[in-house]
Amino acid sequence: LIKLADRLHNMRTLGAMPRHKKREKARETLEIFSPIAYRLGMNTLRTELEDLGFLNLHPNRYKVLKKSVVSIRGNRKKVLQKIEVIISAKLQDKGISSEVLSREKHLYSIFKKMKDKQLSFNEVQDTFGIRVVVDTIDEWYRALGLIHNLYKPIPGKFKDYIALPKINAYQSIHTALFAAHDVPVEVQIRTKDMDRFADCGIAAHWLYKESDSDTRISIADEWLRSLLEMQQKTSSSIEFLENVKVDLFPDKVFVFSPKGQIYPLARGATALDFAYAVHSDLGKHCMAVRVDHRRVPTSSELLNGQTIEIIT
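All of these numbers come straight from a predicted model, not from anything done at the bench.

Asks: Outline the overall build of the chain, supporting the account with residue identities and numerical values.
Replies: Scanning the chain for helices and strands turns up 12 helices and 11 strands. Computed over the C-alpha atoms, the radius of gyration of the chain is 22 Å, within 12% of the 20 Å expected from 2.2 N^0.38 for a compact globule of 312 residues. Principal-axis analysis of the C-alpha atoms places the extent of the chain at approximately 60 × 55 × 40 Å. The buried share among the 312 residues of the chain stands at 42%. Carbon and sulfur atoms provide 53% of the accessible area of the chain, an area that totals close to 17,800 Å². Side chains of the chain carry 49 positive and 38 negative charges; the gap between the two charge centres is 6 Å.

Asks: Outline helix 7 (residues 192–200), supporting the account with residue identities and numerical values.
Replies: Buried residues of helix 7: Asp 193, Met 194, Asp 195, Phe 197, Ala 198 and Cys 200, and no others. In the segment just after helix 7, Gly 201 is the residue with positive phi, at about 60°.

Asks: Lay out the pairing of strand 5 (residues 173–178) in plain terms, naming residues and giving numbers.
Replies: For strand 5, the buried fraction is high: 5 of the 6 residues fall into the buried class. Bridge count for strand 3 (residues 152–153) against strand 5 is 2 bridges, and the pairing is antiparallel. Following the sheet pairing, Lys 152 is matched in strand 5 by Phe 178. Where strand 4 (residues 159–160) meets strand 5, 2 bridges bridge the pair, whose relative direction is antiparallel.

Asks: Go over the environment of Lys 21 with me, naming the residues and quoting the values.
Replies: Summarising the element assignment, Lys 21 is placed in helix 2 (residues 19–39). By relative accessible area, Lys 21 is classed as partly exposed at 35%. Separated by 35 residues in the primary sequence, Lys 21 and Asn 56 place their C-alpha atoms 9.7 Å from one another.

Asks: Any details on unusual backbone geometry? Residues and values, ideally.
Replies: In the Ramachandran plot, Gln 118 falls in the positive-phi region, its phi being about 55° despite a non-glycine side chain. Here Gln 118 lies in the loop between helix 5 (107–117) and strand 2 (128–134).

Asks: Quick one: what's the story with helix 4 (residues 59–93), residue by residue and with numbers?
Replies: The terminal C-alpha atoms of helix 4, which comprises 35 residues, lie 47 Å apart, in line with the 51 Å expected from a rise of 1.5 Å per residue. At Arg 73, helix 4 is bent by approximately 45°, the largest bend along its length. Looking at helix 4, one finds that the buried residues are Tyr 62, Leu 65, Val 69, Val 79, Leu 80, Ile 83, Glu 84, Ile 87 and Leu 91. One or two steps after helix 4, the chain reaches Gly 95, where phi turns positive at roughly 75°.

Asks: Break down the packing of aromatic side chains for me, citing the residues and quoting the values.
Replies: Summed over all chains, the structure comprises 7 aromatic pairs. Ring centres of Trp 140 and Tyr 141 lie 4.1 Å apart, and the angle between their planes is 75°; this geometry places the pair in the edge-to-face category. Taking relative accessible area as the criterion, Trp 140 reaches 2% and is therefore assigned buried. Ring centres 6.0 Å apart and planes at 65° place the aromatic pair Tyr 161 and Tyr 170 in the edge-to-face group.

Conventions adopted
Residues numbered from 1 in each chain as written. Predicted model: local features only at pLDDT ≥ 70, side-chain atom pairs only at ≥ 80, totals over all residues. Heavy atoms only, no water. Helix = DSSP H or I, 4+ residues; strand = E, 2+ residues; numbered from the N terminus. Rg over C-alpha atoms; globule rule 2.2 N^0.38 Å. Buried < 20%, exposed > 50% of the residue type's maximum accessible area, 1.4 Å probe, protein only. Areas by Shrake-Rupley, 256 points an atom, 1.4 Å probe, with all protein chains shown as cover. Lys, Arg positive; Asp, Glu negative; His and termini not counted. Charge placed at Lys NZ, Arg CZ, Asp CG, Glu CD. Pairing = 2+ DSSP bridges. Expected span 1.5 Å × (residues − 1). Bend = angle between axes of the 7 residues up to and from the residue. Phe/Tyr/Trp six-rings, centres within 6.5 Å; stacked < 30°, edge-to-face > 60°.

Here's what the structure looks like:
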């Protein structure tokens, strides 16, 4: 945490440095420090690190993107304010205590999405969104139903990070809706505890003494211990750094056993990989596989949310 805070201070004071030094610090921040902040769940710190890194590594792209966001902010803000009022009134009417506020995707996140998915700026649907924070999980379920009654959800854009948390233990529901004037709006719904953890990550353990965060703290702790083991096994700092980079960008898929147990696997994993992940004996004796109750080849690549049954 001290190292991350120190890096944030460095990035805020890059002004006096020569151009090549700025780029070097910015690249290092985006490749190492920002992903570490992400893995520790520290979203507020991560987003500032990323935007400062983006500004100093690609100043022209940063300015163009910022100008684009500002140009559409006025119109979108009116639409979002209207939706905020409607959602707040509906939840209050049903006796659900909530905080409803609009949010804006940070610039580096927009840039990364455009680059990774080959999208134009106008195709990024979640540039602006709404966050709904409620007290309990029960209220969260009720709020989701009420919001889907108010606005039609966009098919295929529903993400449940509560049942399947992100690798950094982030929990929330993301649902995209057709709002007024056919403007797609992403709504995030979470409890107060989830909201605190999403912003502060492992630091929430000290800021808010809540027992619910213990399992999430243990996820970060386990990852930090694995880094320590990796450091002890590698012969040079360069080799260690390369291994950390690989570990910081795992692309996971989450699949289920027939009994509902969740298994995280690497992106591109096959049904046979799943069998070995459950138990080496199951992998050795795997004869056939059913994915979502349909027979498929053992070499089939698995997708998020599928249920896998191994036949031996």
